[in-house]
Amino acid sequence: MNVNFCSLSSGSSGNCYYLGNEFHGILIDAGISATSIRKFLKDMDITMQTIMGVLITHNHIDHIRGLEILTRKNSIPAFTTHKIWESILTPQRKISRDCIREIPLQQKFHLAGFDIEAFPVCHDAPETVGFHICSGEKKITIATDLGHICQTAAPYIKEANLLVIESNYDEQMLVNGSYPHYLKARIHSDHGHLGNHQTSVFLADIINDSLSHICLAHLSKNNNTPEKALQTLHQTFSEKGINLNGQQIISILNRHIPSEIIRLVE
Ligand SMILES: [Zn+2]
Ligand SMILES: [Zn+2]
């Protein structure tokens, strides 16, 4: 079955990604308002009734801003681990209890025609996961908030045909920027975010012909630009003697505007 991917929003202000086949769809994170999610999906002729669930990576607001309304108004089931649910379900947050689904780490479950596995990543939340999602032969990996690529996460990332990976900050912009020291240290740490250089070096290591689409995601508003993320990637590849042979499509996901729909054909 063909698979369509679209980033509705990606960055430190809000993350939400859509993955669908001809019958159903799922969302990964709900970090923008439910109103925006509905509007962006409608613009693609996708109704909320076809959304079978939302997968949640962690409890930071840029990943769960629209979750209350999605569960209460649209009754969309939300899937994440026990530990992440514990961190989300505060008394102030009115998530519909009927929509809570607990999933184990690193065990496949089936939803909307997809086989899905949550894998742990290193980030400064009580627990954070990435998702590895398979539809037939096609494999999609989403890893948006991680300070470094640990040994557990690496195999899920290496297997992807479509990879959504964080490229949060430009090193120079972060160092020279206005953030207080503690925040710079947090972003830079092993439990913070992936910078352009880290991501590029890792991609240079794993690039292969079955990795057909690379989407650089979760760009910082203050410490990065799409041009810098792309330039760092090309420069790192050229330093390592890697020539992109036309097999890979590289996209930079916009912070506020939905991406083009990426179609993986079986
Ligand atoms: Zn985030
Ligand atoms: Zn986060």
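Residues numbered from 1 in each chain as written. Chains lettered and ligands numbered in written order. Predicted model: local features only at pLDDT ≥ 70, side-chain atom pairs only at ≥ 80, totals over all residues.

S.K.: Which residues make up the overall build of the protein chain, and what values do they have?
M.R.: A tally of helices and strands in the protein chain yields nine helices and 14 strands. Taken along its principal axes, the extent of the C-alpha atoms in the protein chain is 50 × 45 × 35 Å. Split into buried and exposed, the 266 residues of the protein chain put 45% on the buried side. For the protein chain, restricting intrachain contacts to residue pairs at least 6 apart in sequence, the fraction spanning at least 24 positions comes to 65%. (Helix = DSSP H or I, 4+ residues; strand = E, 2+ residues; numbered from the N terminus. Buried ≥ 20, exposed ≤ 12 C-beta atoms within 10 Å, placed from the backbone. Contact = placed C-beta atoms within 7 Å.)

S.K.: Describe the packing of helix H8 (residues 196-206) against helix H9 (residues 226-239), listing the residues and the values that go with them.
M.R.: As a packed pair, H8 and H9 sit with axes 9 Å apart at the nearest point and diverge in direction by 40 degrees. Overall, the two elements H8 and H9 adopt an arrangement that is oblique. Relative to H9, H8 is oriented so that their crossing is right-handed. Seen from H8, the contacting residues are Asn 196, His 197, Ser 200, Val 201, Leu 203 and Ala 204; seen from H9, they are Lys 228, Ala 229, Thr 232, Leu 233, Thr 236 and Phe 237. When its residues are assigned to classes, the contact of H8 with H9 shows six nonpolar, five polar and one charged. (Axes fitted to C-alpha atoms, helices over the stretch in contact; angles between N-to-C directions. Parallel < 35°, antiparallel > 145°, perpendicular 65-115°, else oblique. Left-handed = near helix turned anticlockwise from the far one by under 90°. Nonpolar A, V, L, I, M, F, W, Y, C, P; charged D, E, K, R; others polar.)

S.K.: So what's going on with the nonpolar core? Residues and values would help.
M.R.: Tyr 17, Leu 19, Leu 27, Val 54 and Leu 163 are the most contacted members of the largest nonpolar core, which totals 63 residues. Apart from residues no more than four positions distant in its own chain, Leu 163 is found in contact with Thr 141, Ile 157, Leu 211, Ile 214 and Cys 215. (Core = buried A, V, L, I, M, F, W, Y, C linked by C-beta atoms within 7 Å.)

S.K.: I'd like a rundown of the pairing of strand S13 (residues 249-252), residues and numbers included.
M.R.: Two elements, strand S12 (residues 213-217) and S13, share four bridges in a ladder whose sense is parallel. Counted as the bridge partner of Leu 216 is Ile 252 from S13. What joins S12 to S13 is H9, and the crossover it makes is right-handed. (Pairing = 2+ DSSP bridges. Right-handed = clockwise from strand over helix to strand, strands pointing away.)

S.K.: Go over the sheet that holds S12 with me, naming the residues and quoting the values.
M.R.: Backbone hydrogen bonds are what pair the strands of a sheet, in a parallel or an antiparallel way. If you walk across this open sheet you meet the seven strands as S7-S8-S9-S10-S11-S12-S13, and the pairing is mixed. Two strands close off the open sheet at either side, each with one partner strand: strand S7 (109-111) and S13. Strand-to-strand twist of the sheet, defined as the mean angle between neighbouring strand axes without regard to direction, takes the value 20 degrees. Where S7 meets strand S8 (residues 114-120), three bridges bridge the pair, whose relative direction is antiparallel. Residue pairing for S8: Leu 111 is matched across the bridge by Phe 114.

S.K.: A description of the pairing of strand S11 (residues 162-166) should follow, citing residues and the corresponding values.
M.R.: Regular strands have side chains that alternate between both faces of the sheet. In terms of burial, S11 is a largely internal element, five of the five residues being buried. As defined by bridge partners, strand S10 (residues 138-143) adjoins S11 across four bridges and the pair is classed as parallel. Residue Ile 142 lies in a different strand from S11, and its bridge partner there is Val 164. Alignment of S11 against S12, held across five bridges, turns out to be parallel. The residue of S12 that forms the bridge with Leu 162 is His 213.

S.K.: Would you mind going over the environment of Leu 174 in detail, with residue names and values included?
M.R.: Along the chain, Leu 174 falls in helix H6 (residues 171-176). Along the chain, Leu 174 and Asn 224 lie 50 residues apart, while their C-alpha atoms are 8.0 Å from each other. Not counting residues up to four positions away in its chain, the partners in contact with Leu 174 are Tyr 169, Lys 184, Ile 187, His 188 and Asn 223.

S.K.: If you had to explain helix H3 (residues 67-74) to someone new, which residues and values would you point to?
M.R.: Along an α-helix, residues three or four positions apart point the same way, because every turn accommodates 3.6 residues. Those residues of H3 that fall on the buried side of the exposure criterion are Leu 67, Leu 70 and Thr 71. Along H3, the residues classed as buried sweep out an arc of 90 degrees about the axis, all on the same side. For H3, the secondary structure elements touched by its buried residues are helix H1 (34-43), strand S4 (51-55), helix H2 (61-64) and strand S5 (78-80). Within two residues after H3, Ser 75 carries a phi angle of roughly 50 degrees, on the positive side. (Arc of directions from axis to C-beta.)

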